[in-house]
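Architecture and fold: a report
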Amino acid sequence: MASAGSSLGGGEAERPHPRPFLIGVSGGTASGKSTVCEKIMELLGQNEVDHHQRKLIILSQDRFYKVLTADQKAKALKGQYNFDHPGAFDNDLMHTTLKNIVEGKTVEVPTYDFVTHSRLAETTVVYPADVVLFEGILVFYNQDIRDMFHLRLFVDTDSDVRLSRRVLRDMKRGRDLEQILTQYTTFVKPAFEEFCLPVPSFSLLRD
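Reading the values: the criteria
Residues numbered from 1 in each chain as written. Predicted model: local features only at pLDDT ≥ 70, side-chain atom pairs only at ≥ 80, totals over all residues. Heavy atoms only, no water. Core = buried A, V, L, I, M, F, W, Y, C linked by side-chain atoms within 4.5 Å. Buried < 20%, exposed > 50% of the residue type's maximum accessible area, 1.4 Å probe, protein only. Helix = DSSP H or I, 4+ residues; strand = E, 2+ residues; numbered from the N terminus. Contact = heavy atoms within 4.5 Å. Expected span 1.5 Å × (residues − 1). Arc of directions from axis to C-beta. Phe/Tyr/Trp six-rings, centres within 6.5 Å; stacked < 30°, edge-to-face > 60°. Lys NZ or Arg CZ within 6 Å of the ring centre and 35° of its normal.

Grouped together as the largest cluster of nonpolar side chains are 35 residues, with contacts concentrated most on Leu22, Leu59, Phe83, Met94, Leu98, Phe134 and Phe149. Elements that contribute at least two residues to this core include exactly β2 (56–60), α3 (91–102), β3 (107–113), β5 (131–135) and α6 (177–196). With residues up to four places along the chain from it excluded, the contact list for leucine 98 reads Leu22, Phe134, Ile145 and Met148. Core analysis: the second largest hydrophobic core is formed by ten residues, Ile23, Val25, Val36 and Ile58 among them.

As structure tokens, this is what we get:
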């Protein structure tokens, strides 16, 4: 994946590229989706390759959170906004971006700041690749997006393990423990059971 802040406006001609193999990786919060993707990249020797030359790239659904209104951002800062609901994502932008990726085009994807709950002005340029790993809690919920994947993987991790990982991660982001646990029981766990777990996947990975 390219570094943030790059631009597509340099006038460089788009080179034809074979359509990539698109793999979706889903699972509950802190289940290890990113770790699975990074391990695949490492095993294929792609983690040390320059982003222009990589044959495999990783893209996260977290980049496609919607821009929040002032009221929604105030709720988010108090842990009262549901980031695990399908409506929290910009599904139109996500679908368009994946469609362009599948067509072998170079694309720009948003950058999201989880501390301020804001979409930043900087974007990340993603160049054509042979394999694209797209990970996120609800990557299979939207049928139009789900149908684009050539392979779907679900990372199955014990709920207690996932909660402990989430607590450690969110505390590093400046959240307090009470807010994290309240958000988990109010939004995260119910959303996982309603929107993430029931969606069928082709392959199951156990962590």
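We are not done yet, so read on.
Next up on the list: helix α5 (residues 159–172). A rise of 1.5 Å per residue sets the reference length of α5, with its 14 residues, at 20 Å; its end C-alpha atoms lie 20 Å apart and thus fit the reference within 8%. Among all positions in α5, only Arg162, Arg166, Val167 and Asp170 are buried. For α5, the buried positions fall inside an angular range of 135° around the axis, keeping them on one side. Exposed side chains of α5 directed beyond 90 degrees from the buried face belong to Asp160, Leu168 and Lys172. Close packing links the buried residues of α5 with α6.

Right, let's talk about the packing of aromatic side chains for a bit. Scanning all chains against the criterion turns up ten aromatic pairs. Considering the side-chain rings of phenylalanine 64 and phenylalanine 134, the 6.2 Å spacing of their centres and the 70° angle between planes classify their relative orientation as edge-to-face. Note that phenylalanine 64 is positioned in the loop between β2 and α2 (70–77) and phenylalanine 134 in strand β5, a separation of 70 residues in sequence. Since its relative accessible area comes to 0%, phenylalanine 134 is described here as buried. Three or more aromatic residues joined by ring pairs make a cluster, and in this case those are Tyr65, Tyr81, Phe83, Phe89, Tyr112 and Phe114. Directly above the aromatic system of phenylalanine 140 lies the positively charged group of arginine 152, at a separation of 5.7 Å from the ring centroid.

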